[in-house]
Amino acid sequence: PLEQNYRSTGHILRAANNVIAANPKLFEKKLWSALGDGDPVRLMECDGEEHEAERAVAFIQSLRAQGGAVADERGSGQIKFADFAVLYRANHQARVFEQKLRAAQIPYKVSGGQSFFDRAEIKDLCAWLRLLVNQDDDPAFLRAVTTPKRGIGHATLGKLGEFSGKWKSSLFEALFSQSLATQLGAKAIGGLHEFGRYINDLQHRAGHTRGAEEAKALLLGWLKDIGYEQHLYDSEDSEKLASSRWTNVLDFVDWIAKRCGGELAEDGTSQIREPQTVLDVAQTISVIISLAERGDDADVVTLSTLHASKGLEWPHVWLAGINEGLLPFKSDAEEMTPQRLEEERRLMYVGITRARTTLAVSTLRRRKKGRDTIQGIPSRFIAEMKLGEGTAKEDPRERLKRLRAQLSAKVDAAPPAKD
């Protein structure tokens, strides 16, 4: 039998072997590694989904802060974002990780599902926010001015484009030009001016609105002004799908509002952020989108479903949501047959063995189920891993704080620089 594993360390392989041992098999096989035991598998007990995502961010930041001390021995000695993966059973689990990674300005990509920020409704609203930040952003202008529809058609926009090209100006700048009257009729110009004035007014209010409650009120007022909820219901045949898309919009509003408030830093330290204006957050969103559109995604954290992770590997893996009902997955309408349980166990085995050097497994004390919050029950697979006393349970946020303190002490102790 081919039993030597060239990917993972001993602690990771023993956990994987222990889990898969509960499945019946035709041939007995026990993987082993010549890479040594390595770090113990880390079991992370989290209060809920947001806490779990915050701890994952701290896990990434703390390992990168340690640098080459824990780098994969086959690597360059420098830990990159591309060395990390967050793996989960279902696509919906990615959303909160995306939000926390963006808040910490950590680049990432979503594999095996659609990114929350790639959904059409979120892209619509991001176009408006980008235009507030940079009125020379022509792609953002075209998406915002046509979503929702406001009687400004393709012919009008085509002539506006010709005019702006001739005078080498942005579309937004061109719509206020007095010479535009030679190209468009009064009705078309009136519609463009109304849109332009609204953008200028919204930009002014966004630059003077800070704090979570004030930001949320501004954003909800903006969505009502442009009739975005009605736009979603008009554009979808299914009321259920329109309602789901509107829920995404409200989640996006909540995320921006939290960023505008003086909430705790993402690494869980006691540092409090200064309240931001809506325009400040729009600026952050604009920068992130610009970087993503460049296509420079070589050094990014991977967010992936377990199914999509098969055949891949990373030095450092965070295995998320290891709870009954999530992994093994079970809906209220389905019976957990022995065959389904075996398949779910194989999926857990896949997740464990994606890790080469460091593996963190998180479980939730409370988790969301639809609109409700229910008690989280650790997955039976955690007990099957037989992690034992050697399991590392240190909160990565505490480790990050300790590393920062050590770095600060080194800086204080350093001799003064000579002129």
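Residues numbered from 1 in each chain as written. Predicted model: local features only at pLDDT ≥ 70, side-chain atom pairs only at ≥ 80, totals over all residues. Heavy atoms only, no water.

(A) Main features of the confidence of the model for the protein chain. In the predicted model, the protein chain carries a mean pLDDT of 81, and 79% of its residues have values of at least 70. Per-element averaging of pLDDT across the protein chain places helix α15 (residues 396-413) at the bottom with 61 and strand β2 (residues 84-88) at the top with 94. Here residues 68-76 is modelled with pLDDT under 50, and outside its nearest four sequence neighbours on either side it reaches 16 contacts, counting other chains as well. When the criterion is pLDDT under 50, residues 264-271 qualifies, and its contacts beyond four places in sequence or with other chains add up to 22 contacts. (pLDDT = per-residue confidence, 0-100. Helix = DSSP H or I, 4+ residues; strand = E, 2+ residues; numbered from the N terminus. Contact = heavy atoms within 4.5 Å.)

(B) Here's a closer look at the side chain of R367. Assignment of secondary structure puts R367 in strand β7 (residues 366-369). Side-chain polar atoms of R367 contact the backbone oxygen of E324, separated by 3.4 Å. Sequence-distant contacts of R367, that is, excluding residues within four places in its chain, are made with E49, N323, E324, G325, L326, D372, T373, I374 and G376. (Polar contact = N/O pair within 3.5 Å; in protein donor to acceptor, adjacent residues only side chain to side chain.)

(C) Representation of the pairing of β2 in the model. Burial analysis of β2 places five of its five residues in the buried class, the great majority of the element. Judged by which residues are buried, β2 turns out to be covered on both faces: F84, V86 and Y88 on one side and A85 and L87 on the other are all buried. Pairing of β2 with strand β5 (residues 314-319), which is carried by four bridges, proceeds in the parallel orientation. Counted as the bridge partner of A85 is V317 from β5. Looking at chain direction, β2 and strand β4 (residues 301-305) are connected through four bridges and run parallel. (Buried < 20%, exposed > 50% of the residue type's maximum accessible area, 1.4 Å probe, protein only. Pairing = 2+ DSSP bridges.)

(D) Main features of unusual backbone geometry. Cis geometry marks the peptide bond from T147 to P148, where omega comes out at -5°. Inspection of the secondary structure assignment puts P148 in the loop between α5 (138-146) and α6 (154-166). Looking along the chain, the bond that leaves L327 and enters P328 is cis, with omega of 5°. Turning to its location among the elements, P328 is positioned in the loop between β5 and α13 (338-352). Non-glycine residue K386 carries a positive phi angle of around 55°. When you line up the elements, K386 lands in the loop between α14 (380-385) and α15. Overall, K386 belongs to the exposed group, its relative accessible area being 62%.

(E) Spatial organisation of the packing of helix α8 (residues 186-207) against helix α9 (residues 212-226). Relative to each other, α8 and α9 sit at 170°, their axes nearing to 11 Å. The angle between α8 and α9 falls in the class roughly antiparallel. Contacts between α8 and α9 involve Y198, L202, R205 and A206 from the former and L218, W222, D225 and I226 from the latter. Taken together, the residues of the contact of α8 with α9 break down into six nonpolar, no polar and two charged. (Axes fitted to C-alpha atoms, helices over the stretch in contact; angles between N-to-C directions. Parallel < 35°, antiparallel > 145°, perpendicular 65-115°, else oblique. Nonpolar A, V, L, I, M, F, W, Y, C, P; charged D, E, K, R; others polar.)

(F) Structural view of the nonpolar core. F141 and F252 are the most contacted members of the largest nonpolar core, which totals 77 residues. In terms of residues, this core owes the most to one element, helix α4 (residues 120-133), which gives eight residues. Here F141 is in contact with L131, L157, L160, L171, F172, L175 and F195, once residues within four sequence places are set aside. In this structure, W314, V317, L347 and M348 belong to the second largest nonpolar core, which totals 26 residues. (Core = buried A, V, L, I, M, F, W, Y, C linked by side-chain atoms within 4.5 Å.)

(G) Broad picture of helix α11 (residues 239-260). Look at α11: 32 Å from first C-alpha to last across 22 residues, which is about the 32 Å you get at 1.5 Å a residue. Every buried residue of α11 is accounted for by A242, R245, W246, N248, V249, F252, V253, W255, I256, A257, R259 and C260. Where α11 begins, one side-chain oxygen reaches toward the backbone nitrogen of K240, 3.3 Å away; that side chain belongs to S238. (Expected span 1.5 Å × (residues − 1).)

(H) Fine view of the packing of aromatic side chains. Per the counting criterion, the structure on display carries 10 aromatic pairs. Between F163 and W167, the aromatic rings sit 6.4 Å apart at their centres with planes inclined by 50°, giving tilted as the arrangement. On the accessibility criterion, W167 (51% relative accessible area) is exposed. Arranged with centres 5.7 Å apart and planes meeting at 75°, the rings of F172 and F176 form a pair that is edge-to-face. The exposure class of F172 is buried, given its relative accessible area of 4%. Here the aromatic cluster, defined as three or more aromatic residues joined through ring pairs, consists of W128, F141, F172, F176, F195, Y198 and W222. A cation over an aromatic ring shows up here: R64 above the ring of F81, its NZ or CZ 3.8 Å from the ring centre. (Phe/Tyr/Trp six-rings, centres within 6.5 Å; stacked < 30°, edge-to-face > 60°. Lys NZ or Arg CZ within 6 Å of the ring centre and 35° of its normal.)

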